[in-house]
Amino acid sequence: MTAQADYSALVQRGLSLDLTRGKPSPRQLDLSNDLLKLPASYRAADGTDGRNYGNLQGLAELRELFAPLVQVPAERLVVGGNSSLALMHDTIVHALLTPVPGATRRWVEEPEITFLCPVPGYDRHFTITERFGIKMVPVPMNADGPDMDVVERLVAADASVKGIWCVPKYSNPSGVTYSDETVRRLAAMPTAAPDFRIFWDNAYAVHHLTDTPDELADLPALAAEHGNADRVFVYASTSKVTLAGSGVSFFGSSPANVEWFLHNTSKQSIGPDKINQLRHIEFLRDPAGVAAHMKRHAELIGPKFELVDKVLTERLGDLGTWTSPKGGYFISLEVPHAAEVVAKAKAAGIALTPAGATHPYGKDPDNRTIRLAPTFPELDELEQAIEGLAVCVRLVAEEGLIS
Ligand code: PLP
């Protein structure tokens, strides 16, 4: 059958499938249902009454539990609310309004601020910087992280470059984990701006899909070794460990940065939700508890990643290339005319993340990248969606050949 005939049949089926966002499935959320019955005690180990105001930095036991997982010592971790994205957003607001350690002035006083954006990247990072009028410069992603020759050149040449967005492990959307050499170069590189910051969004630190997890070099430690301790802002959360809407988030950094962050946060809040923190301590217990829990997630979503790989291999052949990540939440598919493919899929009832979303300002200059988020649908729906997507890729390729 021609792709056109397959596509007509696909449209006739009247599908309504959604692969747009990296959400955990209901079965994944069920893994954490015991949280709904916790905490058994509202007292922290040090006697803190979790019901009351206070403890801006968050409970020590929870910081100790996550410290090894996010590579920041407990005393330099801050526990936030349910969203690490909110912490990233607010860090930028703080930097605009209060000089970060090492800065000569507030970012709002700078004539121009630039952030480097490894692409393909996470659309919500780009939305934050775009909101504040921060200029975004794309940097190509390689198999071992951002192209460091480009990064080093840009940060050395231009003092307006104040930041870089990084998802260093099982990156969104390519699944890439930064190599040791990439991390070392990020830690060591000279920057024209004294107040340059790496926004190290380690969202998928513990989200392995295999028994041979990727290892990520310790950027905070390496940066400190190179005399750049203040360069790194670390973020993470349990959004995809426990409950996406009701997890806990983390900010970690150097002593000076943590003091700066808490000073600013103290103007916003009298203290975080410590009942939710206690709930997470009781439920996850220790790093081994987190690892065991993440294995259960992998059992649910591993087959989904395998299915996408299988269908794309069978149906696309050399019409596209895609990643086979060892962890995280996304697959990055590269095909010609990505926007047209996404539009055809939409018309057939298959919602995909808009083409271009993986790039700053929503503009993918090569019109090639489509982010696939396989975790939410169950296997049968996922199979229908990827089969349908493959029909759309073939159709667009066929139309391209004909016209
Ligand atoms: N960072 C990355 C790289 C993500 O992919 C996501 C969600 O998809 C988030 C952050 C959102 O994190 P949170 O739920 O903690 O705000």
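Residues numbered from 1 in each chain as written. Predicted model: local features only at pLDDT ≥ 70, side-chain atom pairs only at ≥ 80, totals over all residues.

Looking at an unreviewed UniProt entry, one finds the chain named Aminotransferase class I/II-fold pyridoxal phosphate-dependent enzyme, with Nonomuraea helvata as its source organism.

K.L.:
Even after reading the chapter, I still don't get the overall build of the chain, so can you show me in this structure?
P.N.:
What the chain contains, in helices and strands, is 13 helices and 13 strands. Compactness check: the chain gives a C-alpha radius of gyration of 22 Å against a globular reference of 22 Å for 403 residues, within 12% of the reference. Each principal axis of the C-alpha distribution contributes one length, and for the chain these read about 70 × 55 × 35 Å. In the chain, which comprises 403 residues, the proportion classed as buried is 49%. The contacts in the chain between residues at least 6 apart in sequence include a share of 76% that link residues at least 24 apart. (Helix = DSSP H or I, 4+ residues; strand = E, 2+ residues; numbered from the N terminus. Rg over C-alpha atoms; globule rule 2.2 N^0.38 Å. Buried ≥ 20, exposed ≤ 12 C-beta atoms within 10 Å, placed from the backbone. Contact = placed C-beta atoms within 7 Å.)

K.L.:
When you look at the pairing of strand β6 (residues 161–166) in this model, what are you seeing that I'm missing?
P.N.:
Two faces make up the sheet, and in a regular strand the side chains alternate between them. For β6, the buried fraction is high: six of the six residues fall into the buried class. Here strand β3 (residues 114–119) runs beside β6; their pairing, made up of three bridges, is parallel. Paired with Thr 114 across the bridge in β6 is Val 161. Summarising the sheet, β6 and strand β7 (residues 197–201) pair through four bridges and their orientation is parallel. In the sheet register, Ile 164 faces β7, and the bridge partner there is Ile 198. Each parallel crossover has a hand, and for β6 linked through helix α7 (residues 180–188) to β7 it is right-handed. (Pairing = 2+ DSSP bridges. Right-handed = clockwise from strand over helix to strand, strands pointing away.)

K.L.:
Explanation requested: the site of the ligand in the structure shown.
P.N.:
In the vicinity of the ligand, the contacting residues are Gly 22, Ser 83, Ser 84, Leu 85, Tyr 122, Val 167, Asn 172, Asp 201, Ala 203, Ser 237, Ser 239 and Ser 249. Looking at the shell around the ligand residue by residue, the class counts come to four nonpolar, seven polar and one charged. (Near = placed C-beta within 6 Å. Nonpolar A, V, L, I, M, F, W, Y, C, P; charged D, E, K, R; others polar.)

K.L.:
Just checking my understanding: could you explain the sheet that holds strand β9 (residues 249–252) for this structure?
P.N.:
Pairing is mixed in the open sheet, where eight strands are placed in the order β2-β9-β8-β7-β6-β3-β4-β5. Two strands in the sheet have a free side with no partner beyond their single neighbour: β2 (77–80) and β5 (145–146). Its contacts with the sheet place helix α5 (residues 123–131) against β3, β4 (135–142) and β6, and it is angled at close to 155 degrees to β4. (Axes fitted to C-alpha atoms, helices over the stretch in contact; angles between N-to-C directions.)

K.L.:
I would appreciate a short explanation of the nonpolar core in the present structure.
P.N.:
Residues Trp 200, Tyr 235, Phe 250, Val 341, Ile 370 and Cys 392 are the most contacted members of the largest nonpolar core, which totals 107 residues. Examining the composition of this core, we find that ten residues originate from one element, helix α13 (residues 379–402), more than from any other. Counting contributing residues, this core receives three or more from each of domain 1 (3–22 + 290–402) and domain 2 (45–285). Apart from residues no more than four positions distant in its own chain, Tyr 235 is found in contact with Ser 84, Leu 87, Met 88, Trp 200, Asp 201, Asn 202, Phe 250 and Phe 251. (Core = buried A, V, L, I, M, F, W, Y, C linked by C-beta atoms within 7 Å. Domains from an automatic or database assignment.)

K.L.:
Help me out: how do you make sense of the domain arrangement of the chain in this one?
P.N.:
Interface size is often expressed as the accessible area that is lost when the parts come together. Along its sequence, the chain is carved into domain 1 (3–22 + 290–402) and domain 2 (45–285). The C-alpha-based centres of domain 1 and domain 2 are spaced at 29 Å. Contributions of two or more residues to the side of domain 1 that touches domain 2 are made by α11 (287–316), β11 (331–334) and β13 (369–372). Broken down by element, the side of domain 1 that touches domain 2 gets its largest block of residues, seven residues, from α11.

K.L.:
What is the right way to look at unusual backbone geometry in this model?
P.N.:
For residues other than glycine, phi is negative in most cases, and the peptide bonds are mostly trans. The omega torsion of the bond from Val 119 to Pro 120 falls at 0 degrees, within 30 degrees of zero and hence cis. Among the structural elements, Pro 120 can be located in the loop between β3 and α5. Following Asn 172, the chain continues into Pro 173 via a peptide bond in cis, with omega recorded as 5 degrees. When you line up the elements, Pro 173 lands in the loop between β6 and α7. Positive phi, close to 55 degrees, is recorded for Asn 55, a residue that is not glycine.

K.L.:
Could you clarify how one ought to interpret helix α12 (residues 338–347) in this entry?
P.N.:
Side chains three or four residues apart in an α-helix point the same way, a direct result of the helix having 3.6 residues per turn. Looking at α12, one finds that the buried residues are Ala 338, Val 341, Val 342, Lys 344 and Ala 345. Seen end-on, α12 carries its buried residues on one side only, within an arc spanning 160 degrees. (Arc of directions from axis to C-beta.)

K.L.:
Just to check I follow, could you spell out the sheet that holds β11 for this structure?
P.N.:
Hydrogen bonding along the main chain pairs the strands of a sheet, whether they run parallel or antiparallel. Pairing within the open sheet is antiparallel, and its three strands lie in the order β10-β11-β13. The open sheet has two edge strands, β10 (321–322) and β13, and neither has a second partner. Of the strand pairs in this sheet, β10 and β11 are connected by two bridges, and their pairing is antiparallel. Bridged to Thr 321 within β11 is Glu 334.

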